[in-house]
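Here are the chains, one letter per residue:
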Amino acid sequence: MAVELRTRIEKEILTFCSEILGLLDKHLIPSCTDPDADVENKVFYMKMRGDYYRYLAEIRVGEERSKVAMESKNAYDTALNAAQQLPATNYIRLGLALNFSTYWYDIAGSRHEACKMARRAFDDAIPELTRLDEVISYKETALILQLLRDNLTLWMNEEEEEQERRSKGENQGEGHDENVGQGHGENVGQSQRGYYR
């Protein structure tokens, strides 16, 4: 019963993500290839492409998972490059940092890269926050900054706990797997899953 339910849900996710990715690749992203195209739209659509490939990576295994994970990373990288033209407080740029850092944590299994990306986005935006004039933009930006900080707190606490376990293990003469810290542990799923416009 559980296996059938999981299979059905994964099939629905696959269908939905494929439809959205088709729309992005055929219509939305090509509309932003012109040099004069709106940068926010380009960043947002490429972020979406990264998001939906990330969702696929969460339900795929083996070579197929690696393939969609790479598509996700490539889309996020493209969006990140374009986002440098936007202010550090722009909520689309911050949403990209939130989602890309979630990719690093959940999909790539690299807490270090996840923390580095989230911290950089947070630190770049905070000094500029008081300069935002529009109330709506301020609220959007403040919300994403809070999510970034929540993730950083969670991930850094995990790191401290693992270091403490390693220290205790060394004192007791226990061996350690070289990949410790690369998994997600009991807190998987507690990181903020991303921000959507």
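Residues numbered from 1 in each chain as written. Predicted model: local features only at pLDDT ≥ 70, side-chain atom pairs only at ≥ 80, totals over all residues. Heavy atoms only, no water.

A. Broad picture of the environment of Met-156. Structurally, Met-156 is set in helix 6 (residues 135–171). The class of Met-156 is partly exposed, set by a relative accessible area of 37%. Met-156 sits 44 residues away from His-112 along the chain, and the two C-alpha atoms are 9.2 Å apart. Setting aside residues up to four positions removed in sequence, Met-156 forms contacts with Cys-115 and Arg-119. (Helix = DSSP H or I, 4+ residues; strand = E, 2+ residues; numbered from the N terminus. Buried < 20%, exposed > 50% of the residue type's maximum accessible area, 1.4 Å probe, protein only. Contact = heavy atoms within 4.5 Å.)

B. Molecular detail of the packing of helix 1 (residues 2–28) against helix 2 (residues 39–59). Contact geometry for helix 1 and helix 2: axes closest at 10 Å, N-to-C directions at 155°. Our classification of the angle between helix 1 and helix 2 gives roughly antiparallel. The interaxial crossing formed by helix 1 with helix 2 has left-handed handedness. Along the contact surface, helix 1 presents Glu-10, Ile-13, Leu-14, Phe-16, Cys-17, Ile-20, Leu-21, Leu-24, Asp-25 and Leu-28, while helix 2 presents Tyr-45, Met-48, Arg-49, Tyr-52, Tyr-53, Tyr-55, Leu-56 and Ile-59. Split by residue class, the contact of helix 1 with helix 2 holds 15 nonpolar, no polar and 3 charged. (Axes fitted to C-alpha atoms, helices over the stretch in contact; angles between N-to-C directions. Parallel < 35°, antiparallel > 145°, perpendicular 65-115°, else oblique. Left-handed = near helix turned anticlockwise from the far one by under 90°. Nonpolar A, V, L, I, M, F, W, Y, C, P; charged D, E, K, R; others polar.)

C. Molecular detail of the packing of helix 2 against helix 4 (residues 91–106). In contact at an axis separation of 10 Å, helix 2 and helix 4 are set at 20° when each is read in the N-to-C sense. In terms of orientation, helix 2 and helix 4 fall into the roughly parallel class. Seen along the crossing, helix 2 lies across helix 4 with a hand that is left-handed. Within the contact between the two elements, helix 2 uses Glu-40, Val-43, Phe-44, Lys-47, Asp-51 and Arg-54 and helix 4 uses Ile-92, Gly-95, Leu-96, Asn-99, Thr-102 and Tyr-103. Considered class by class, the residues forming the contact of helix 2 with helix 4 number 5 nonpolar, 3 polar and 4 charged.

D. Quick peek at the confidence of the model for the protein chain. Overall, the predicted model of the protein chain reaches an average pLDDT of 85, with 85% of residues at or above 70. Mean pLDDT across the secondary structure elements of the protein chain bottoms out at helix 6, with 87, and peaks at helix 3 (residues 62–83), with 97. (pLDDT = per-residue confidence, 0-100.)

E. Spotlight on the pattern of salt bridges. Inspection of the entire model under this criterion finds 14 salt bridges. Between Arg-54 and Glu-58 there is a salt bridge whose closest N-O contact spans 4.0 Å. In this pair, Arg-54 and Glu-58 both sit in helix 2, 4 residues apart, roughly one turn of the helix. Classification of Arg-54 by relative accessible area gives buried; the value is 0%. Assessed through its relative accessible area of 35%, Glu-58 is described here as partly exposed. Through salt bridges that share partners, Arg-111, Glu-158, Glu-159, Glu-162 and Arg-166 make up one connected network. (Salt bridge = Lys/Arg side-chain N within 4 Å of Asp/Glu carboxyl O.)

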